[in-house]
Amino acid sequence: MTLFFQQIVDGISSGAIYALLGLAIVMVHRGSGVANFAQGEMAMLAAYIAWQVNAWGAPWALAMLAAVGASFGIGMLVERLVARRAAQGSVLTVVIVTLGLFLVINQSAGYLWTFEIKDFRGIMPSGVWSVGGVAVSYDAMGVVGALVLCGVGLYLLLSRTRVGLAMRAATSNPESAALVGIRTSRVHMFSWGLAGSIGAVAGVMVAPRLFLEPSMMFGSLLFAFAAVTVGGLDSPLGAVIGGLLVGISENLAGTYVDFIGSDLKIAVPLLIIVLVLIVRPAGMFGNRSVTRA
């Protein structure tokens, strides 16, 4: 029974990373209708920025804030220069452009910082906290804490502020929002910037667990897309719940399903995506689109 609870705890820790990255994906999709396949690489770039700022002598907390701020600006810049133009084309155009952005960021990080693995200590202390034989690392507690802070902050932003109201209006009915004076283009830029900042938190928190290298976020991105598929591409709450469910199911399947083990755990999110798309394409909390004939 101890092994079971250990896998649940580890799954929640992994799921919190997927949920953070899923929140970033949801914010981009809600703001501009784009599924950003480069979100993981943007998070990886933020981790490199934090590592570099720390290497220059800044403490880790300041390095993380610098990475979050820089990612906000990078997200807005990407929306203004790349995503806005791509969104005018077909869905396939958007997919190809974000995949191209994925490759550009990945190779640029390798060129700037090399492809060698770097040690990333992060802001959380090393060590574990054990309860009844179940070990919880301080890194894991930091990841879950970051998810709670981002989730609560996002909820308050969307439900209690004028900016959040403008974002919701621009998402649900952009034509009517524009008529009442909401600058939808600025809302889209802010959504991408906000997504970049949330993704930066995911990148900085996961780097100490994976080691820092340009391809470190590929697996996490795949699991994050599974999370938003389960929860719904337009639901922040769905991204959080979906991320936790995916993280727990991944760990349990890898432990208790013999033919999966640790080698085939990457197949779990693919199976989840296929099953959810068959049973409920909009996800648990997603809104089904309705068109009039």
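Residues numbered from 1 in each chain as written. Predicted model: local features only at pLDDT ≥ 70, side-chain atom pairs only at ≥ 80, totals over all residues. Heavy atoms only, no water.

With respect to the overall build of the protein chain
Let me state the cut-off plainly: Numbering of helices and strands runs from the N terminus; a helix is a DSSP stretch of H or I covering at least four residues, while a strand is a stretch of E covering at least two. Both definitions apply: the radius of gyration is a C-alpha atom measure, and the globule rule equals 2.2 Å times residues to the power 0.38. Any two residues having at least one pair of non-hydrogen atoms within 4.5 Å are treated as being in contact. Per-residue accessibility takes into account occlusion by the displayed protein chains alone, with areas from the Shrake-Rupley method and a 1.4 Å probe.
Along its length, the protein chain carries eleven helices and two strands. Ordered by position from the N terminus, the helices and strands of the protein chain form the series α-α-α-α-β-β-α-α-α-α-α-α-α. Taking 293 residues into account, the globule formula puts the C-alpha radius of gyration at 19 Å, and the protein chain, at 19 Å, falls close to it. Counting only C-alpha atoms and orienting by the principal axes, one finds that the protein chain spans roughly 60 × 50 × 35 Å. The long-range fraction of contacts in the protein chain, counting pairs at least 24 apart against all pairs at least 6 apart in sequence, stands at 75%. In the form shown here, the protein chain has an accessible surface area of approximately 14,400 Å², with 68% of it arising from carbon and sulfur atoms.

Quick look at helix α4 (residues 91-113)
Note the cut-off: Working rule for helices: expected span equals 1.5 Å times residues minus one. Exposed residues in this analysis have more than 50% of their type's maximum accessible area, buried residues have under 20%, and partly exposed residues fall in between, with area computed by a 1.4 Å probe over protein chains only.
A rise of 1.5 Å per residue sets the reference length of α4, with its 23 residues, at 33 Å; its end C-alpha atoms lie 33 Å apart and thus fit the reference within 8%. Listed in full, the buried residues belonging to α4 are Val94, Thr98, Leu101, Phe102, Ile105, Asn106, Ala109, Gly110 and Trp113. On its buried face, α4 is in contact with α2 (39-55), α3 (60-86) and α9 (218-231). Backbone geometry just after α4 places Thr114 at a positive phi near 70°.

Overview of the packing of aromatic side chains
The condition is simple: Stacked, edge-to-face and tilted are the three classes for Phe, Tyr and Trp ring pairs, Trp counted by its six-membered ring, which pair at centre distances within 6.5 Å; planes under 30 degrees apart are stacked, over 60 edge-to-face, the rest tilted.
Within the structure shown, the criterion is met by seven aromatic pairs. For the pair Phe4 and Phe5, a centre-to-centre distance of 5.6 Å together with 70° between the ring planes defines the contact as edge-to-face. Where Phe72 meets Phe190, the ring centres are 5.7 Å apart and the plane angle is 70°; that geometry is what we call edge-to-face. Within this pair, whereas Phe72 is found in helix α3, its partner Phe190 is found in helix α8 (residues 184-210), the two being separated by 118 residues in sequence. When its relative accessible area of 22% is taken as the criterion, Phe72 is described as partly exposed. Phe190 gets classed as partly exposed once you look at its relative accessible area, which sits at 25%.

Quick notes on helix α11 (residues 267-279)
Threshold: It is the directions from the helix axis to the C-beta atoms that the arc portrays.
The first and last C-alpha atoms of α11 sit 19 Å apart over 13 residues, in line with the 18 Å expected at 1.5 Å per residue. Within α11, the full set of buried residues consists of Val268, Pro269, Ile272, Ile273 and Val276. When α11 is viewed along its axis, its buried side chains cluster within an angular range of 135° and face the same direction. Across α11 from its buried face, at more than 90 degrees, point the exposed residues Leu271 and Ile278. Residues of α11 that are buried in the fold lie against α9 and α10 (236-256).

Observations concerning the packing of helix α1 (residues 2-32) against α8
Helices that pack against each other are described as a pair by the angle of their axes relative to one another and the distance between those axes. The criterion, for reference: In this analysis, axes come from line fits to C-alpha atoms, helices being fitted only over the stretch in contact, and the angle between any two N-to-C directions falls in the range 0 to 180 degrees. Here the word oblique covers every angle except those under 35 degrees (roughly parallel), over 145 (roughly antiparallel) and from 65 to 115 (roughly perpendicular). Take the far helix as your reference; a near helix turned counterclockwise from it by less than a right angle gives a left-handed crossing, and one turned clockwise gives a right-handed crossing. Under the grouping applied here, Gly and all other residues not named as nonpolar or charged are polar, the nonpolar ones being Ala, Val, Leu, Ile, Met, Phe, Trp, Tyr, Cys and Pro and the charged ones Asp, Glu, Lys and Arg.
Two elements in contact, α1 and α8, have axes whose closest approach is 8 Å; the angle formed by their N-to-C orientations is 165°. Compared by their axis directions, α1 and α8 come out roughly antiparallel. Two packed elements cross with a definite hand, and for α1 against α8 that hand is left-handed. Contact with α1, carried on its side by Ser13, Ser14, Ile17, Leu20, Leu21, Leu23, Ala24, Met27, Val28, Gly31 and Ser32, involves His188, Ser191, Trp192, Leu194, Ala195, Ile198, Gly199, Val201, Ala202, Met205, Val206 and Arg209 of α8 and no other residues of that element. In terms of residue class, the contact of α1 with α8 is built from 15 nonpolar, seven polar and one charged.

Digging into unusual backbone geometry
A positive phi is found at Thr114, a non-glycine position, where the angle reads about 70°. Relative to the helices and strands, Thr114 resides in the loop between α4 and β1 (128-131).

Points about a nonpolar patch on the surface
Note the threshold: Residues enter a patch when their relative accessible area is above 30% and they make no salt bridge; the linking distance is 9 Å between like charges and 5 Å between nonpolar side chains (Val, Leu, Ile, Met, Phe, Trp, Tyr). A side-chain nitrogen of Lys or Arg and a carboxyl oxygen of Asp or Glu constitute a salt bridge if their distance falls within 4 Å.
The grouping of Ile12, Val144, Val148, Val152, Tyr155 and Leu156 at the surface amounts to a nonpolar patch, some 480 Å² of accessible area in total. Among the elements that line the nonpolar patch, the one with the most residues is helix α5 (residues 138-160), at five residues. Mapped onto the elements of the fold, Val152 is located in helix α5.

Regarding the pairing of strand β2 (residues 134-137)
Worth spelling out the cut-off: Note on pairing: DSSP must find at least two bridges between two strands before they are called paired.
Alternating residues of β2 divide into Val134 and Val136, all buried, and Ala135 and Ser137, none buried. In terms of strand pairing, β1 meets β2 through four bridges, oriented antiparallel. Following the sheet pairing, Val131 is matched in β2 by Val134. Here β1 hands over to β2 after two residues, with Gly132 in that stretch at a positive phi of 60°.

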